[in-house]
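What the coordinates show
Below, each chain spelled out in residue letters.
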Amino acid sequence: MGLLRLLLIVVLASVTRGACGAEIVGNSSEGLLEFSVGKFRYLELKKPFPEEAILRHISSNVTFVIFQIHSQYQNTTISFSETLLPNASETGTDKGLVSILRPEQSMCTWHLETLDPEPVQNVAIPLSYSESDPIPGGCNLEFDVDIDPNIYLEYNFFETTIKFAPANLGYARGADPPSCDVKMGPDSRWRLQYDVYQYFLPENDLTEEVLLRHLQRMAEVPQVQANAVKVVTLTADDKTSVSFSSLRGQGVIYNVIVRDPFLNTSTAYVPTHTYACSFEAEEGNCSSLGRVSTKVFFTLFALLGLFICFFGHRFWKTELFFIGFIFMGFFFYILITRLTPMKYDGNLKIFRVDAVFWVTFSCIAIFIPVVFMGCLRILNILSCGFIGSYSVVLAMDSYLYTSLSYITLNILRRALHVDFRRAFVNVPFQTNDFIVLAVWGMLAVSGITLQIRRERGRPFFPPHPYKLWKRERERRVTNILDPSYHIPPLRERLFSRLAQIEGLFQKEQPAGERTPLLL
């Protein structure tokens, strides 16, 4: 029995290099999920009940089929056979398999199942391609499946990285696949190009229905090109890996289109998605945007920022404390994170060089003060209105997602994470961002206008504390009627106080012999 099982596994392994599952002859059996090419189908998978998907009446000019299935965060397994083999099955939330068709073959099957105890909602689709279309993952040397059309995604607090296997040229049914690395001429897979696309889901929407509906816009080549934003184009000489800035709580879908410029054909990989957070984590999951302590801190920070926005120039010391707190907070946050093991949860290529980025950033930060050097009061009021009102934006981000918070967050990430310089920093700008931007602008303009009108006709700045002390000292010297004039100098008062303290520690001396007074 053991020998028979081993023989069965060997036979399955020999036919699963991109091949379809066994063809079903005759009428459709009960329990099969019928699919049509290019048509999405919703389905629900349960743990003890695997399903079998079938695609019939495949055209003779089709040479390979990509079957893909998607879920929100629960894993689904797709395989060519009921026996799960490492090189013939995939498990995850966005997975697919390439089925290379044999001559005269017109039917394919795939086995679907889940090990999650809860039912999993999925959407699946088979897509067909001809012999002139490139095969995604056809030159895979890194992942388990021989022909792997999947995009592998990893994320952390700083960046989200996608990886995929190189593609190969298409070929006719029954023919041998072109060699991947034997030659590098124009008639090899090295002529292929890869367009990486990014698509943002609606902000603050973590529902399963919205994700599965928008994934349908990222599966086929024409829809991807029409709906998504092309971030970068890679050649066969480039590394098949791209990094993006992580957007926690924001749904993002990625896909790659491989193009053959000689034949003017293209094929889409299996799209993948992420929210840069976990739906199953007990603390800090996707449903909660931040900790309670974070919300309390930024709420208090916003209240102080509003005060600075409208009254900062007149309350000079409060403004200095606020601005100093921001700068020192940035400095120590970067210092502690870079030097300790503590962890915290412009796409121009020239800015990927740290020296260029930080020099440019410093020049921009210095340029504005230099321009307003002749009118320091206006500069100070502008900084109060701009920075104070932006603290409200940061507080709103603790309760409601907004991309405007990444103005400062991405700078922090660049300072803290060495590899963040290679990440693309695209962010969505949707309805919430327009509302928050309007609030930010209204607060900034109101605060600046109020302070300019109130400070009109007054001294530019409150007097310097040293000048106040010096002027008071001179007044006391020249005005003998001032009671403070008769106060001893500070040095004499200190020596007098020290003498009194010393007297407390000295023993009382004996008085000696006493005689009565003679009258």
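Looking up the protein chain in an unreviewed UniProt entry gives the name Transmembrane 7 superfamily member 3, with the organism given as Bos mutus grunniens. The UniProt entry for the protein chain carries this comment under Subcellular location (unreviewed entry): "Membrane".

When helices and strands are counted, the protein chain shows 11 helices and 17 strands. Counting over 519 residues, the protein chain shows a buried share of 41%.

Right, let's get into the UniProt feature "transmembrane region" (unreviewed entry) in the protein chain. Summarizing the sequence annotation, UniProt attributes the feature "transmembrane region" (unreviewed entry) to residues 296–313, 320–336, 356–379, 391–412 and 434–452 in the numbering used throughout. What you have in residues 296–313 is 89% helix and 0% strand, and the ends, taken at the C-alpha atoms, are 26 Å apart. Note that residues 434–452 is 100% helix and 0% strand, and that its end C-alpha atoms are spaced 27 Å apart.

A few words now on the sheet that holds strand S4 (residues 64–70). Read across the open sheet, the four strands follow the order S2-S9-S4-S7; overall the sheet is antiparallel. Strands with a single pairing partner mark the edges of an open sheet, and in this sheet they are strand S2 (41–45) and strand S7 (94–100). Recorded for the sheet is a direction-independent mean angle of 25° between the axes of neighbouring strands. In this structure, S2 lies alongside strand S9 (residues 120–129), joined through five bridges in antiparallel fashion.

For the structure on display, the rule yields 14 aromatic pairs. On the numbers, 5.2 Å between centres and 85° between planes, the contact of Phe35 with Phe67 is edge-to-face. In this pair, Phe35 is assigned in strand S1 (residues 32–35) and Phe67 in strand S4, connecting sequence segments 32 residues apart. Considering the side-chain rings of Phe157 and Phe158, the 5.1 Å spacing of their centres and the 85° angle between planes classify their relative orientation as edge-to-face. Owing to a relative accessible area of 12%, Phe158 belongs among the buried residues under this scheme. Counting every residue linked through ring pairs, the aromatic cluster contains Phe35, Phe67 and Trp110. Positioned above the aromatic ring of Phe35, the side-chain terminus of Arg41 is 5.8 Å from the ring centre. The ring of Trp190 is capped by Arg189, whose NZ or CZ atom sits 4.1 Å from the centre of that ring.

This part covers the environment of Asn227. Residue position: Asn227 is located in helix H3 (residues 221–227). For Asn227, a relative accessible area of 35% puts it in the partly exposed group. For Asn227, the residues in contact, after removing those within four places along its chain, are Tyr199 and Arg217. A distance of 2.8 Å separates the side chain of Asn227 from the backbone oxygen of Gln223, its partner in a polar contact.

Here we come to the state of the cysteines. Overall, the coordinates contain two disulfides when judged by the stated rule. Residue Cys139 pairs covalently with Cys180 via a disulfide, S to S 2.1 Å. The disulfide joining Cys139 to Cys180 has a torsion of about -90° about its S-S bond and is therefore left-handed. Placement of the pair is Cys139 in the loop between S9 and strand S10 (151–155) and Cys180 in the loop between strand S11 (159–164) and strand S12 (193–200), with a sequence separation of 41 residues.

In terms of nonpolar packing, the biggest core is built from 28 residues, with Phe64, Val98, Ile100, Ile135, Met218 and Ile253 touching the most fellow members. Contributing elements (two or more residues each) for this core: S4, S7, S9, S12, helix H2 (208–215), H3 and strand S15 (252–260). Here the element with the most residues in this core is S9; it accounts for four residues. Filtering out sequence-adjacent residues up to four positions away, Met218 remains in contact with Tyr197, Tyr199, Val224, Ala228, Ile253, Tyr254, Asn255 and Pro271. Of all hydrophobic cores here, the second largest spans 23 residues; its members include Leu169, Phe200, Val231 and Tyr401.

Rules used throughout
- Residues numbered from 1 in each chain as written.
- Predicted model: local features only at pLDDT ≥ 70, side-chain atom pairs only at ≥ 80, totals over all residues.
- Heavy atoms only, no water.
- UniProt positions renumbered as here; feature names shortened; annotations may be inferred.
- Helix = DSSP H or I, 4+ residues; strand = E, 2+ residues; numbered from the N terminus.
- Buried < 20%, exposed > 50% of the residue type's maximum accessible area, 1.4 Å probe, protein only.
- Pairing = 2+ DSSP bridges.
- Axes fitted to C-alpha atoms, helices over the stretch in contact; angles between N-to-C directions.
- Phe/Tyr/Trp six-rings, centres within 6.5 Å; stacked < 30°, edge-to-face > 60°.
- Lys NZ or Arg CZ within 6 Å of the ring centre and 35° of its normal.
- Contact = heavy atoms within 4.5 Å.
- Polar contact = N/O pair within 3.5 Å; in protein donor to acceptor, adjacent residues only side chain to side chain.
- Disulfide = S-S within 2.5 Å.
- Core = buried A, V, L, I, M, F, W, Y, C linked by side-chain atoms within 4.5 Å.

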